[in-house]
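# Architecture at a glance
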Amino acid sequence: MNVDFPTPRHSDMMIKVCGMRDPHNIADVAALAPMLMGFIFHEPSPRDVTRTLSPDTISSLPPYVRPVAVFVDKDSRFIMDITKLYGFRIVQLHGNESPRLCRTLRNNGLVVLKALSIGENVDWTEYTPYSDCVDMFVMDTRCSCKGGSGCKFDWRLLESYSLPVPYLLGGGIGPEDIPFILEAMRPGMAGIDINSRFETQPGLKDMHLLINFILSLRKFNEHEPTSIPFWEKTK
């Protein structure tokens, strides 16, 4: 299958900063204008916000930062309850969620991101059932734990990507990876998902690292991407 995607420009790439917890840190990171900011609702995670996140923290985000609620193997009722409480429009599913669940959430007006766990090899046809029920994939590294490993997979596997769904590149991206990110850019890749390698402790992002990384990636262009967000294109 040939996928008709434009190759992204580095200045237009979506940047998702995930695993946010601290209100002051959230405000500081939001000032850098990442398009997406992830909040993890998964109790085993050290970045879990299930019992600590205030709805006011989400409502106070600037309009150019879209909050994403991240779940691992939760049912639709739990997910819908959380999205309604906080006002999330975008969810990311990071477990073994079925296409049926993805479709249910999408039919309820949510934008759905689905994480794919990539190992030493990948058969993209395995994920074909998700092609018509998710808005974007998040490429992460396969590991025994759920919710992300902070490790890289072989990005060369993306050269054979053949599904008609854009994706974010995730899995262990660190401050030193800009040259490799630019080299990995190809049709279908809409942006990157960063988390643990920009932290001083779980859930607390290092602002110095983030500022240098984002400015370098965008080469001092405007922080707010000029391209149309993928969820607007799908309407």
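Residues numbered from 1 in each chain as written. Predicted model: local features only at pLDDT ≥ 70, side-chain atom pairs only at ≥ 80, totals over all residues. Heavy atoms only, no water.

Glancing now at the state of the cysteines. In the structure shown here, the tally under the stated rule is zero disulfides. In this structure Cys102 is not part of a disulfide, and its nearest cysteine sulfur, from Cys133, lies 4.8 Å away. According to the relative accessible area criterion, Cys102 is buried, its value standing at 0%. (Disulfide = S-S within 2.5 Å. Buried < 20%, exposed > 50% of the residue type's maximum accessible area, 1.4 Å probe, protein only.)

All right, on to helix H6 (residues 207–218) then. Its twelve residues give H6 an end-to-end C-alpha distance of 16 Å, which sits within 8% of 16 Å, the value for a rise of 1.5 Å per residue. Of the residues making up H6, those classed as buried are Leu210, Phe213, Ile214, Leu217 and Arg218. Looking straight down H6, one finds that the buried residues subtend no more than 110 degrees of arc, so they occupy a single side. Buried positions along H6 lie against strand E1 (14–17), helix H1 (23–30), helix H5 (178–184), strand E8 (189–194) and strand E10 (204–205). With a side-chain oxygen lying 3.0 Å from the backbone nitrogen of His208, the N-terminal cap of H6 falls on Asp206. Looking at the residues trailing H6, positive phi occurs at Lys219, about 50 degrees. (Helix = DSSP H or I, 4+ residues; strand = E, 2+ residues; numbered from the N terminus. Expected span 1.5 Å × (residues − 1). Arc of directions from axis to C-beta. Contact = heavy atoms within 4.5 Å. Polar contact = N/O pair within 3.5 Å; in protein donor to acceptor, adjacent residues only side chain to side chain.)

It is worth spelling out the nonpolar core at this point. Within the largest apolar cluster, 61 residues are counted, with the highest numbers of intra-cluster contacts made by Phe39, Phe41, Phe137, Met139, Ile192 and Phe213. Among residues more than four places away in sequence, those in contact with Phe137 are Lys114, Leu116, Tyr127, Tyr130, Tyr161, Leu163, Val165, Pro166, Tyr167 and Leu168. Counting residues in each nonpolar core, the second largest holds 15 residues, with Met14, Val70, Leu113 and Val138 among its members. (Core = buried A, V, L, I, M, F, W, Y, C linked by side-chain atoms within 4.5 Å.)

This part is about the pairing of E8. Each regular strand shows side chains that alternate between the opposite faces of the sheet. Here E8 lies mainly inside the structure; six of its six residues are buried. Taken together, strand E7 (residues 167–169), H5 and E8 form a β-α-β motif whose crossover is right-handed. (Right-handed = clockwise from strand over helix to strand, strands pointing away.)

With that settled, consider the side chain of Asn25. Here Asn25 shows up in helix H1. Looking at Asn25, its side chain comes within polar contact range of the main-chain nitrogen of Lys205, at 2.7 Å. Those residues within four positions of Asn25 in sequence are excluded, and the remaining contacts are Met20, Gly203, Leu204, Lys205 and Met207.

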